[in-house]
Amino acid sequence: MSQKPVLVVGGGIGGLATALALSRKGIAVQVLEQAPEFKEIGAGIQLGPNVFRMFEVLGLTEQMFHWSAFPSGLEFRDSITGETVMELAIDKRFHDKYHAPYGVIHRSDLLNVILDACKQSNLIKLATSQKIVTIDDDGSTVTARTDTGETYQGSALIGCDGLWSTVREKIVGDGKPVVSGHIAYRAVLPTAEWPAEYRIPKMIVWCGEKTHLVHYPLRRGELFNLVVVFHSDRYEEGWDTYGDPTELHARFAEKCEPVRTLLQKVNAWKMWVLCDRPPIKNWTKGRITLLGDAAHPMLQYLAQGGNMAMEDAVCLAIQLEASGGDYAAAFQKYQELRYLRTARVQLMARVFGEIYHASGVNRELRNKVLREWMTQGGVDMSWLYGEQPELPHVENVPQPPPTRLMS
Ligand SMILES: Cc1cc2nc3c(=O)[nH]c(=O)nc-3n(C[C@H](O)[C@H](O)[C@H](O)COP(=O)(O)OP(=O)(O)OC[C@H]3O[C@@H](n4cnc5c(N)ncnc54)[C@H](O)[C@@H]3O)c2cc1C
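Residues numbered from 1 in each chain as written. Predicted model: local features only at pLDDT ≥ 70, side-chain atom pairs only at ≥ 80, totals over all residues. Heavy atoms only, no water.

(A) How the structure looks around the state of the cysteines. Taken as a whole, this structure holds zero disulfides when the rule is applied. Here Cys160 stays unpaired: no disulfide links it, and the sulfur of Cys118, its closest cysteine neighbor, is 11 Å away. The thiol of Cys315 is not disulfide-bonded; the next cysteine sulfur, from Cys160, is found 13 Å away. A relative accessible area of 0% places Cys315 in the buried class. (Disulfide = S-S within 2.5 Å. Buried < 20%, exposed > 50% of the residue type's maximum accessible area, 1.4 Å probe, protein only.)

(B) Structural context of the side chain of Thr141. With respect to the helices, strands and loops of the structure, Thr141 is situated in the loop between strand 8 (132–137) and strand 9 (142–146). A polar side-chain atom of Thr141 sits 3.1 Å from a polar atom in the side chain of Lys4. Beyond its immediate chain neighbours, meaning those up to four positions away, Thr141 contacts Lys4, Asp136, Gln153 and Gly154. (Helix = DSSP H or I, 4+ residues; strand = E, 2+ residues; numbered from the N terminus. Polar contact = N/O pair within 3.5 Å; in protein donor to acceptor, adjacent residues only side chain to side chain. Contact = heavy atoms within 4.5 Å.)

(C) Spatial organisation of the site of the ligand. By nearness alone, 33 residues border the ligand, and Gly14, Glu33, Arg107, Asp293 and Asn307 come closest of all. Residue Thr166 places a side-chain N or O atom 3.4 Å away from a nitrogen atom belonging to the ligand. The backbone of Gly305 places a nitrogen or oxygen atom 3.3 Å from a nitrogen atom of the ligand. Coverage of the ligand by the protein amounts to 89% of the 1000 Å² it exposes when considered alone. Elements represented by at least two residues in the shell around the ligand include exactly helix 1 (13–24), strand 3 (44–47), strand 12 (178–190) and helix 9 (305–323). Its residues assigned to classes, the shell around the ligand shows 10 nonpolar, 16 polar and seven charged. (Near = heavy atom within 4 Å. Areas by Shrake-Rupley, 256 points an atom, 1.4 Å probe, with all protein chains shown as cover. Nonpolar A, V, L, I, M, F, W, Y, C, P; charged D, E, K, R; others polar.)

(D) Spatial organisation of the packing of aromatic side chains. Following the criterion strictly, the structure yields 16 aromatic pairs and no others. Ring plane angle 75° and centroid distance 5.3 Å describe the contact between Phe65 and Phe70, whose orientation is recorded as edge-to-face. For the pair Phe65 and Phe70, a shared accessibility class is recorded, and that class is buried. Plain terms: the ring middles of Tyr98 and Tyr385 are 5.4 Å apart, the flat faces sit at 85° to each other, and that makes the pair edge-to-face. Of this pair, Tyr98 sits in helix 4 (residues 92–98) while Tyr385 is found in helix 12 (residues 382–385), placing the two residues 287 residues apart along the sequence. This pair shows no difference in class: Tyr98 is buried, exactly as Tyr385 is. In this structure, Arg186 is placed above the aromatic ring of Trp272, and the distance from its NZ or CZ to the ring centre is 4.0 Å. Here the basic side chain of Arg220 rests over the ring of Trp67, its NZ or CZ set 4.8 Å away from the ring centre. (Phe/Tyr/Trp six-rings, centres within 6.5 Å; stacked < 30°, edge-to-face > 60°. Lys NZ or Arg CZ within 6 Å of the ring centre and 35° of its normal.)

See the structure below:
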């Protein structure tokens, strides 16, 4: 292969996972991150069994187990009546089915585990404060230029620069993401400040009309994560800014008492305007491709955007290794192998959003169907959590220890 590194634009979850996956195949990488440091926001992220299998491939299982919490179950409650409409155990049966656990982790812990592994590789160079503004592919070399005029040359370039991707703008050029009209507020609390009644190692989703709330333990049970989503057309763009508690409480005024009490526990919320895009199948051009949210941004209702980025990373590394240095061919193959997988998750995430936020008859039907699923032993999520043909077979990820909550 050429001596020039592969340029990875963006050092979030997807970018660092890509750098690591490529380095594991002996490929040199230069990561270019616009922020002054590699950093994730203070909130939780759910990790499906599909991504734990990728951690096993990347040699990260032990560290991820160290930092994660492992809920014993997932409960869906109706946030108007308070009724539990479905409860799924995340137990040995679940593990046996998907050969891996379901976990939750603080985003900064997730990023730091991958970052530390990247730092241990002499094939990865990490550069911060490098905001890429232009890219050029002359057929044998890709040049990326920063806003301060610095240039980097690589044998290929992977745009892992997220929802508002500059690389996507250059190679796809399909404008801004779609604003969903759904707003998320997130907060993290020490477990000791979390109401004793809900200090249980479960993920609980309170589904309401045009709203939902989800909470789960984080960081080995030391913290609790709270995510609240509601419909609002007040915002067009916004990411990681402070939320307005008055608006939040007004949106949840009709909800049952436990939900309102949980919301009162938090003083400072961070806000996100949730966006996605319709799926596409052409996110590659020559020696430049996209990965993660840059390629297929999705709503968070299946908790899979980050998981998909890490699956992409493993798939792309396999294709690059197999291509013998033909980057353009490897990128085409990677795109071909991934676009229907990620399109399905993008579209199903929108459907799950409708289910979570159903009103009127739709809400009654949702509750009825969820109750039926529970009596039938749960929902089959193999399409999402099961093995994928383009990803390596993993025999079994070990069973993690149960999470004990700190008080
Ligand atoms: C409320 C909410 C809850 C979610 N929950 C989950 C969940 O439970 N599970 C899950 O898997 N996913 C979840 N997601 C989705 C997940 O956060 C994203 O899919 C994931 O962060 C995508 O990773 P990425 O690396 O592709 O992009 P990003 O995380 O956005 O990283 C992009 C990086 O590129 C950098 N960058 C941008 N432009 C440039 C440039 N021009 N030059 C250099 N660097 C640049 C940015 O600074 C950033 O570091 C959730 C999202 C939201 C909003």
